[in-house]
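# What the coordinates show
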Number of protein chains: 2
Amino acid sequence: MEIRTVNLNRKLNNINTYWTPKIVGELNNQLVKIAKFKGEFVMHRHEHEDELFYVIEGKLFIELNDKTLELNAGEFVIIPKGIEHKPYAPEEASVMLFEPTTTLNTGNVQNDLTLSDLDKI
Amino acid sequence: MEIRTVNLNRKLNNINTYWTPKIVGELNNQLVKIAKFKGEFVMHRHEHEDELFYVIEGKLFIELNDKTLELNAGEFVIIPKGIEHKPYAPEEASVMLFEPTTTLNTGNVQNDLTLSDLDKI
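What comes next is a walk through the structure. Computed from a predicted structure; not experimentally measured.

Broken down by element type, chain A carries one helix and eight strands. Across chain A, helices and strands are ordered from the amino to the carboxyl terminus as β-α-β-β-β-β-β-β-β. In terms of overall size, chain A behaves like a compact globule, its C-alpha atoms giving a radius of gyration of 14 Å where 121 residues would be expected to give roughly 14 Å. The principal-axis extent of the C-alpha atoms belonging to chain A is close to 45 × 30 × 25 Å. Residues classed as buried in chain A amount to 55% of the 121 residues present. Within chain A, contacts between residues at least 6 apart in sequence are counted, and of these 65% link residues at least 24 apart.

Following this line, the structure appears as C-alpha cells:
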C-alpha cells in the first residue's frame, strides 16, 4: 500500500453535500472521515463507540442533554459512547471525525440521514 | 466525566519542549496527542500500531526507506505498522497524533528520546 499525504482542504473541495461523511484514512480499525455540516442533524447516540469531532473551518454546535458545546476551527471534542448528541451548524462547517470502523452516522437512530456505506475519497 | 472542548492552539501554548507529545484526548483505546517538533527524530517503527501525523502549523518531513514525505498545515499521513519512519522539521512544527494507547514514541528504538509516561494537558 502506498503511503500518501492527505490535504484536508483539497479533499473537502470534493464534497458538495451536507451530512455525508467521506472516508479519508483508516488506521487501527478506526476511520478518519471528513464532512460538511449545515443545518441540524438528528439527536442520537453510539452505544459502543466514542466519537471525535474536530472543526477544520466554520462553527459547530453539539447539543447534549444538559448543555450545548460550541466548537470553532482548531477545536475538537470527544463524545463518549452512550451520550446523546445532536450536531448543528448555522452556517457551513467543515469537520474531521475520528471513530471506529463500526460507527454508523446516526447511531441508534435510523432515518433519512442514515448512511451505511460511506465513500472513500 | 465532563465533556469539554479542546482548543489545540491553547494547548500548544503549554508545550515548550520538542519531541515530547502530550495527551489531549482518549477514545476507543486510542490517544490524541499534540507535540512540537524541531530538528531530527530517530528512525524507528511501531510493530503493532499504525500512526497518524497531522500538521497543525509549520512543515514536517517524514523520511521513509524509499522516499521522504512533506506535510504542511492541514495535511496528514498514516504510517502503517512495521514501516520505518523518521520525522524531522527544519523549523518548529506543531503536530497532532492519533495512535493506540500502547504506542511508544520511539517504537522499536530505545534512546534518550524515548518517553514512556506522557503528560496529559
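Okay, back to it.
On to the relation of the copies chain A and chain B, then. By a simple turn and slide, chain A fits onto chain B: the slide is 0.0 Å along the axis, the RMSD is 0.0 Å, and the turn is 180 degrees. Put plainly, the chains are arranged around a two-fold axis. Of the residues that chain A buries at the interface, 100% are likewise interface residues in chain B, meaning the two copies contact each other through the same surface.

Attention now moves to the packing of aromatic side chains. Considering all chains together, one arrives at eight aromatic pairs over all chains under this definition. For the ring pair F98 of chain A and F98 of chain B, a centre distance of 3.8 Å and an interplane angle of 15 degrees mean the geometry is stacked. Here the residue F98 of chain A occupies a position in strand β8 (residues 86-100), and F98 of chain B occupies one in strand β8 (residues 86-100), the pair thus bridging two chains. Each residue in the set W19, F37 and F41 of chain A is aromatic and connected to the rest through ring pairs, giving one cluster.

All names here are of chain B. Its location among the elements puts Q110 in the segment after β8. Here Q110 falls in the exposed class, since its relative accessible area comes to 63%. Taking the C-alpha atoms as reference, Q110 lies 9.4 Å from H44; in sequence the two are 66 residues apart.

Turning to the interface of chain A and chain B, a few remarks are in order. Tallying the contact residues gives 38 residues for chain A and 38 residues for chain B. Here chain A meets chain B over a buried area of about 2900 Å², counting both sides, of which 65% is carbon and sulfur. In terms of surface lost to chain B, no three residues of chain A exceed I3, N28 and F76 of chain A, which account for 24% of the buried area on that side. Summed over the shared surface of chain A and chain B, the result is two salt bridges. Linking K67 of chain A and E2 of chain B is a salt bridge whose minimum nitrogen-to-oxygen distance equals 3.4 Å. The tally of links from chain A across to chain B stands at twelve residue pairs in polar contact (both at pLDDT 80 or more). Every element with two or more residues in the side of chain A that touches chain B is listed here: β1 (6-7), α1 (8-12), β2 (22-27), β3 (30-40), β4 (51-57), β6 (68-72), β7 (75-79) and β8 of chain A.

Thresholds applied
- Residues numbered from 1 in each chain as written.
- Chains lettered and ligands numbered in written order.
- Predicted model: local features only at pLDDT ≥ 70, side-chain atom pairs only at ≥ 80, totals over all residues.
- Heavy atoms only, no water.
- Helix = DSSP H or I, 4+ residues; strand = E, 2+ residues; numbered from the N terminus.
- Rg over C-alpha atoms; globule rule 2.2 N^0.38 Å.
- Buried < 20%, exposed > 50% of the residue type's maximum accessible area, 1.4 Å probe, protein only.
- Contact = heavy atoms within 4.5 Å.
- Least-squares fit on C-alpha atoms with pLDDT ≥ 70 in both.
- Phe/Tyr/Trp six-rings, centres within 6.5 Å; stacked < 30°, edge-to-face > 60°.
- Buried area = accessible area lost by both parts, 1.4 Å probe.
- Salt bridge = Lys/Arg side-chain N within 4 Å of Asp/Glu carboxyl O.
- Polar contact = N/O pair within 3.5 Å; in protein donor to acceptor, adjacent residues only side chain to side chain.

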